[in-house]
Each structure stands twice: as C-alpha cells, then as structure tokens.
Amino acid sequence: MPHLGLTAIVVRDYDEAIAFYVDSLGFELREDTRLDERKRWVVVAPPGSTESAILLAKAASDEQAARVGDQTGGRVGFFLNTDDFARDHARMVQAGVTFIREPRHEPYGTVAVFVDLYGNRWDLIQPRH
C-alpha cells in the first residue's frame, strides 16, 4: 500500500534547519549524508514516526531561495499531530518556537499555528477522536 514517505522543505542552511527541527521542535535527525560539496541528504522526523519524515532541502538556485519560508503562499502547509497538545505546546514555547495564533478548540481538535525558522506556517494539532 502506498504511503507518504518524505515531504521536502526548502531551507537556507542545513545546520540551522537541523538545529530548529531537532532542538526546537523535538524531531529526530534520521539521516545526514553528504552527497557532494554542496548537497546533503538530511531527513528529520517526529519521534516515533515510522512512515513520514521531512527532507530538509537546501535551496540550490535563486528561484528556490525565493521560496524559502513561503512554500505555500502564506497558508498553513504542514500539520504536526500530537497526542498531548498542552505538553507539546508548552515545550515548544519554552524552546522559543513562535506561535502566531493562540490555541483554540475546533470541531476537529485543539490547534495553534506556529512558524518555523523561515516563516513556513504549521499547525500543532491534537485531533479529536
């Protein structure tokens, strides 16, 4: 059965992106392989994630660099699910993650919008079951 494996996020710098995703969001660094002098294969994922992960892809052209931080035209493009919203929201705030919308309760769950180090918008969401 097919599944979504990797989603690429275009970044300015591998090491600053790794630091944000690992230190601020609590992701695991799954792979960091040098492919040539400029390119690396860098994969991060939330702890315990077995099928989906993020490929941190360094912008390799002016066109790609222009997309860093605005890959979805200013809308939320990434969704980080949690089983304990309060715990993860508090940990992320403590780690310096910027939330641009306060937590709210919706029919589908508890959610708050945060931005990554480049400005891409994410939902932290605890779905209702």
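In this text the structure is predicted, and so the values were computed from the model without any measurement. (Residues numbered from 1 in each chain as written. Predicted model: local features only at pLDDT ≥ 70, side-chain atom pairs only at ≥ 80, totals over all residues. Heavy atoms only, no water.)

Caption draft 1: Structural context of the overall build of the protein. A tally of regular secondary structure across the protein gives 3 helices and 8 strands. Its helices and strands in sequence order give the protein the pattern β-α-β-β-β-α-β-α-β-β-β, from N to C terminus. A globule of 129 residues ought to have a C-alpha radius of gyration of about 14 Å, and the protein, at 15 Å, matches this closely. Expressed as lengths along the three principal axes of its C-alpha atoms, the size of the protein is roughly 45 × 30 × 30 Å. Here the protein, with 129 residues, has 36% of them falling under the buried criterion. Here the contacts in the protein between residues at least 6 apart in sequence split such that 51% fall between residues at least 24 apart. Charged side chains in the protein number 15 positive and 20 negative. The centres of these two groups are separated by 3 Å. (Helix = DSSP H or I, 4+ residues; strand = E, 2+ residues; numbered from the N terminus. Rg over C-alpha atoms; globule rule 2.2 N^0.38 Å. Buried < 20%, exposed > 50% of the residue type's maximum accessible area, 1.4 Å probe, protein only. Contact = heavy atoms within 4.5 Å. Lys, Arg positive; Asp, Glu negative; His and termini not counted. Charge placed at Lys NZ, Arg CZ, Asp CG, Glu CD.)

Caption draft 2: Structural detail: the sheet that holds strand 5 (residues 76–81). Spatially, 4 strands are ordered 5-8-7-6 in an open sheet, and the strand pairing comes out mixed. Because the sheet does not close on itself, it has two edges, and the strands there are strand 5 and strand 6 (98–106). With direction set aside, neighbouring strand axes in the sheet form an average angle of 20 degrees. When strand 7 (residues 109–115) meets strand 8 (residues 121–127), the two strands line up antiparallel, connected through 7 bridges. Residue pairing across strands places Gly109 opposite Pro127, the latter belonging to strand 8. (Pairing = 2+ DSSP bridges. Axes fitted to C-alpha atoms, helices over the stretch in contact; angles between N-to-C directions.)

Caption draft 3: Expanded view of the sheet that holds strand 2 (residues 28–34). Spatially, 4 strands are ordered 1-4-3-2 in an open sheet, and the strand pairing comes out mixed. Every other strand in the sheet has two partners, leaving strand 1 (6–11) and strand 2 as the edge strands with one partner each. The sheet shows a mean angle of 25 degrees between the axes of neighbouring strands, direction not considered. Sheet analysis places strand 1 next to strand 4 (residues 53–58), joined by 6 bridges and oriented parallel. Bridge pairing in strand 4 links Leu6 to Ala53. Its contacts with the sheet place helix 1 (residues 14–24) against strand 1, strand 2, strand 3 (40–45) and strand 4, and it is angled at close to 10 degrees to strand 3.

Caption draft 4: The arrangement of a nonpolar patch on the surface in detail. Where nonpolar side chains cluster on the molecular surface, the patch consists of Leu6, Leu35 and Trp41 and spans about 260 Å² of accessible area. When you line up the elements, Leu6 lands in strand 1. (Patch = residues over 30% accessible without salt bridge, like charges linked within 9 Å, V, L, I, M, F, W, Y side chains within 5 Å. Areas by Shrake-Rupley, 256 points an atom, 1.4 Å probe, with all protein chains shown as cover. Salt bridge = Lys/Arg side-chain N within 4 Å of Asp/Glu carboxyl O.)

Caption draft 5: Region of the structure containing helix 3 (residues 85–94). All buried positions along helix 3 are accounted for by Phe85, Asp88, His89 and Met92. Here the buried residues of helix 3 occupy an arc of 100 degrees about the axis, which is enough to place them on one side. Exposed residues lying more than 90 degrees from the buried face of helix 3 are Ala86 and Gln94. Looking at the packing, one finds that the buried side of helix 3 touches helix 1, strand 6, strand 7 and strand 8. A positive backbone phi angle near 95 degrees is found at Gly96, which sits one or two residues after helix 3. (Arc of directions from axis to C-beta.)

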